[in-house]
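# Architecture and fold: a report
If you want the building blocks of each chain, they are given just below.
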Amino acid sequence: MKVLALVLSLGLAHAAWAQPQEQVAMSREALQEHVTQAVSESVSDLEARIAALEARITALGNSSCHTPHWQPNGTIDPDTTGTCPTADWFHWRDPVLGDTCYWVQTAYRGSYSDAVNYCSLEAPHAYLAFPRTLSEWAVLFSLKFGSETENFAPTTVGIRFSGGHWLSSTNQVVDNVVAHLWDSGEPAGDGDCVSTKINADYAQLRLSDRNCDDVDFFVCAVAV
């Protein structure tokens, strides 16, 4: 009887010990399954993010940074009619503004005052180019990207802050035009002059205020 009691006691003890072990094993399996599922979901989420990023990169690669948000009226072409001062100027005919010629300076960088003076010497009544309308901004956009200038390099624009207004190089108030063209966070108080700036998604040319002594490429214009 004593032997039988001892055997039963050992059996019950083993069963009592084995039960927590089974629970631990089940807990480990549940934990492993949870971790596996979490990792799988994280990988799937990461793959989805990578796919979305690749799609974005592809879209940016296929989109043309040469396409402005505003389309120019009329056409702009190298002058072949003798309308412009010389053959290396571009001619644009707008139904509202009339005929304008543009010359892109790609060999010399100048400050705002340098550019103004340089343009005035290129042809009678020539001035440092600025957008009179959003349509003309699209023209200046296409000229910048069609030139030999580095596409993303800043270009001095014929606009300067004076007397509480943004004035063109021909002393016209252009507040209403530039209000549509500032990049996000601009004007940032960096200076009283203006240059071009590629916006965050590299899709549009925008304006940024800058120091008037900064030197960059520029575009001259003359109405003909």
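Now for a look at the structure at hand. (Residues numbered from 1 in each chain as written. Predicted model: local features only at pLDDT ≥ 70, side-chain atom pairs only at ≥ 80, totals over all residues. Heavy atoms only, no water.)

Let us now look at the overall build of the protein. Each helix and strand in the protein was counted, giving four helices and nine strands. Walking the protein from its N terminus toward its C terminus, one meets helices and strands in the order α-β-β-β-α-β-α-β-β-α-β-β-β. For the protein, the proportion of its 224 residues judged to be buried stands at 35%. Taking the intrachain contacts of the protein between residues at least 6 apart in sequence as the baseline, contacts between residues at least 24 apart amount to 63%. In the form shown here, the protein has an accessible surface area of approximately 13300 Å², with 57% of it arising from carbon and sulfur atoms. (Helix = DSSP H or I, 4+ residues; strand = E, 2+ residues; numbered from the N terminus. Buried < 20%, exposed > 50% of the residue type's maximum accessible area, 1.4 Å probe, protein only. Contact = heavy atoms within 4.5 Å. Areas by Shrake-Rupley, 256 points an atom, 1.4 Å probe, with all protein chains shown as cover.)

Turning our attention to empty space enclosed by the protein. If you walk through the whole model with that rule in mind, you get two cavities of 30 Å³ or more. Around the largest cavity sit ten residues that line it, and Leu 140, Thr 155, Val 157, Thr 196 and Val 219 are the ones nearest its centre. Every element with two or more residues in the lining of the largest cavity is listed here: helix 3 (134-146) and strand 5 (155-162). (1 Å grid on protein atoms, 1.4 Å probe; cavity = no way out; pocket = protein on both sides within 12 Å on 5 of 7 lines; lining within 4 Å. Points joined across faces, edges and corners; volume = space filled by probe spheres on them.)

Quick look at the nonpolar core now. Core analysis: the largest hydrophobic core is formed by 25 residues, its most contacted members being Tyr 102, Ile 159 and Leu 207. Looking at this core, the elements with two or more residues in it are strand 3 (98-110), helix 3, strand 5, helix 4 (175-178), strand 7 (193-198), strand 8 (205-210) and strand 9 (216-223). Take this core: its biggest share by element is five residues, from helix 3. The next biggest cluster of nonpolar side chains, apart from the first, holds 15 residues, and it includes Cys 101, Ala 115, Cys 212 and Phe 218. (Core = buried A, V, L, I, M, F, W, Y, C linked by side-chain atoms within 4.5 Å.)

This paragraph deals with unusual backbone geometry. A cis geometry characterises the amide bond from Glu 186 onward to Pro 187, with omega recorded as -5°. Mapped onto the elements of the fold, Pro 187 is located in the loop between helix 4 and strand 7. The phi dihedral of His 125 is positive, around 70°, even though this residue is not glycine. Of note, His 125 is situated in the loop between helix 2 (112-122) and strand 4 (127-128). For Asn 171, which is not glycine, the phi torsion reads 65° and is therefore positive. Take Asn 171: its relative accessible area is 63%, and that puts it in the exposed class.

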